[in-house]
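Listed below are the residues making up each chain.
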Amino acid sequence: ARRSSRGRRLHLEAVAAARARGGAALADLLAHLLVGVAAAHRRVLEAAAERDGQPAVLLVGAGGLGCPAALYLAAAGVGTLTIVDDDRVEISNLNRQVLFTPADAGRPKADCALERLAAFAPDCRLRAVARRLDLDLAAELVAGHDLVVDGTDSFAATYALSDACEAAQVPLIA
């Protein structure tokens, strides 16, 4: 499918601005990244259309990156959002983990995130997985999703997600 004229215009404007600021190398890199993002977006929508029309997203990590990503994904109307995190809420992290409150201290992050998101986006199918991600769990979870978002702070988890996404041909945002 072709990009809309608005999408083409924004793409060209971004590349032109990068070329003006940073030269050809930066513009070429930006153009390459934008084409890759557009292709991944198209694959996600095509896979979702084959199922029920709404994308299923796997979000690994409910910390400083995962919390806002979860909010935006739920607000964007994803059909299914699976949140994986084996940690517990800590008071010292609340300044950057916007889904949690002091009352959540000591509770599993995945469960707390699910509760907040259920109130925020009642039409989104939510699933919490309070387990540490390993190769087996990554392969199991990735297979049922159209897109994977890596919000972890663990190289082992990132590598497991990368391997599972490559094997299942599912786009990974890391």
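To keep things clear, this report deals only with the structure shown in the data block. Bear in mind that the values here come from a model prediction, so they are computed numbers and not experimental data.

Turning our eyes to something else, we now look at the pattern of salt bridges. Applying the stated rule across the entire model yields four salt bridges. Its salt-bridge partner being R107, residue D104 comes within 3.3 Å of it at the nearest N-O pair. Residue D104 is classed as buried on the basis of its relative accessible area, which comes to 2%. By relative accessible area, R107 is classed as partly exposed at 27%. We note a salt bridge from E115 to R107, for which the minimum N-O separation is 2.6 Å. What emerges from the salt-bridge pattern is a single network uniting D104, R107, E115 and R116.

To continue, consider the packing of aromatic side chains. Tallying each qualifying case throughout the model produces one aromatic pair. An angle of 20° between the planes, with centres 6.3 Å apart, marks the rings of F155 and Y159 as stacked. Note that F155 and Y159 are positioned in helix α6 (residues 155–168) at a spacing of four residues, about one turn of the helix. Accessibility expressed as a relative area gives 53% for Y159, which makes it exposed.

Rules and cut-offs
Residues numbered from 1 in each chain as written. Predicted model: local features only at pLDDT ≥ 70, side-chain atom pairs only at ≥ 80, totals over all residues. Heavy atoms only, no water. Salt bridge = Lys/Arg side-chain N within 4 Å of Asp/Glu carboxyl O. Buried < 20%, exposed > 50% of the residue type's maximum accessible area, 1.4 Å probe, protein only. Phe/Tyr/Trp six-rings, centres within 6.5 Å; stacked < 30°, edge-to-face > 60°. Helix = DSSP H or I, 4+ residues; strand = E, 2+ residues; numbered from the N terminus.

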